[in-house]
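Here is how the chains run, residue by residue.
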Amino acid sequence: MIRTVDLDESEDQLDAEPGAGIIVATGSRLGTTHARRWLERATFTLSETDTADRRVITVASVPEALTEIADRCRWRPHAAAICDDVLRAVDPAAPASAGLTTESLAYSVLQAGPEFADWLAARGPADAPQTAEPMLLDRDGDTLRLRFNRAQRHNAFDNATRAVLLDGLAVAAADPAIDEVVLSGVGPSFCSGGDLAEFGGFTDVPSAHLARTRHSPARALDALTGRLGARCRAEIHGQVLGSGLEMAAFCGRVRADPDTVLGLPELNLGLIPGAGGTVSVTRRIGRWRTAYLILSGRTIDAQTALRWGLVDEIAPVP
């Protein structure tokens, strides 16, 4: 499932074909011609050497990290392979539309596949409590504040929240007097991702794809950031996972509390990010670190997110 390339070995020992599926490079000799070739072409590189290179993830133990990732990819082989395909296909420098469509089509394939079905069967029946106001919209002069308001669920993103968020973003798009949009969350977390109790409730996969691509918070946030830049901003804290991270990353500026934990756990469900993360997160940290977050299932803290560029600042401790 995973092919490995040792950057510390001589080039004549190379036996993997560039770009052929998931390829994890390992090693510390990052400056050789051999390394430069594979740093670009690998899915990502694991190293115990600290580096600012966005193609490299620094880990405490390369063998342990590689074993963990290989085990996860064997567990969810379809989702892992399609994740790699999508990240290689998305051009983060291009307009978001094509990338969002590619992501949604891939997500739809997995949604109809056996790995997601296995997860649903293991989860069993589930019901999520409803919230009277799943999202709070407040206007203060020319500033529109949008706050996730399902604190008892760590602001898990459900269909009701999505509908109100889209309404709020439509107001911001339609009113040129609004010159600042702030996305935040009440309670212990910004947004812990999609509400797992709702997953599997929509079995019409083609319609789900059309809904994701035609009525998309990702598209709306991307357009607002194009207009407002850093004045379309996210203030994040607590759990910022899955769709919560994906949406925040579309904002022009992201400020994180020191306690923030960020991650993309969708592979656990046999899925890939479906709220635009293959575009928004990749724009910020590159496809290599995005692939690592998805395939490893690991979370990162606010300081790591700041070093990587996933957030722009850390809020001072009160």
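Residues numbered from 1 in each chain as written. Predicted model: local features only at pLDDT ≥ 70, side-chain atom pairs only at ≥ 80, totals over all residues. Heavy atoms only, no water.

Per an unreviewed UniProt entry, the protein chain carries the name Enoyl-CoA hydratase and comes from Mycolicibacter hiberniae.

Take the layout of surface pockets next. Considering only enclosed or pocket space, the largest pocket measures out at about 1,000 Å³ in volume. Around the largest pocket, the lining is made up of 46 residues, and of these Tyr107, Phe157, Gly194, Phe199 and Arg212 lie nearest the centre. Counting only elements with at least two residues in the lining of the largest pocket, the list comes to helix 4 (96-111), helix 6 (159-174), helix 7 (205-214), helix 8 (217-228) and helix 9 (243-250). At five residues, the largest contribution of residues to the lining of the largest pocket is made by helix 4. Grouping the constituent residues of the lining of the largest pocket by class yields 21 nonpolar, 16 polar and nine charged. Roughly 310 Å³ of internal volume is contained in the second largest pocket. As for the second largest pocket, its lining consists of 16 residues, of which Ile57, Thr58, Thr304, Arg307 and Trp308 are closest to the centre. The residue makeup of the lining of the second largest pocket, split by class, is eight nonpolar, four polar and four charged. Domain assignment of the residues forming the lining of the second largest pocket places at least three in each of domain 1 (2-74) and domain 2 (95-314). (1 Å grid on protein atoms, 1.4 Å probe; cavity = no way out; pocket = protein on both sides within 12 Å on 5 of 7 lines; lining within 4 Å. Points joined across faces, edges and corners; volume = space filled by probe spheres on them. Helix = DSSP H or I, 4+ residues; strand = E, 2+ residues; numbered from the N terminus. Nonpolar A, V, L, I, M, F, W, Y, C, P; charged D, E, K, R; others polar. Domains from an automatic or database assignment.)

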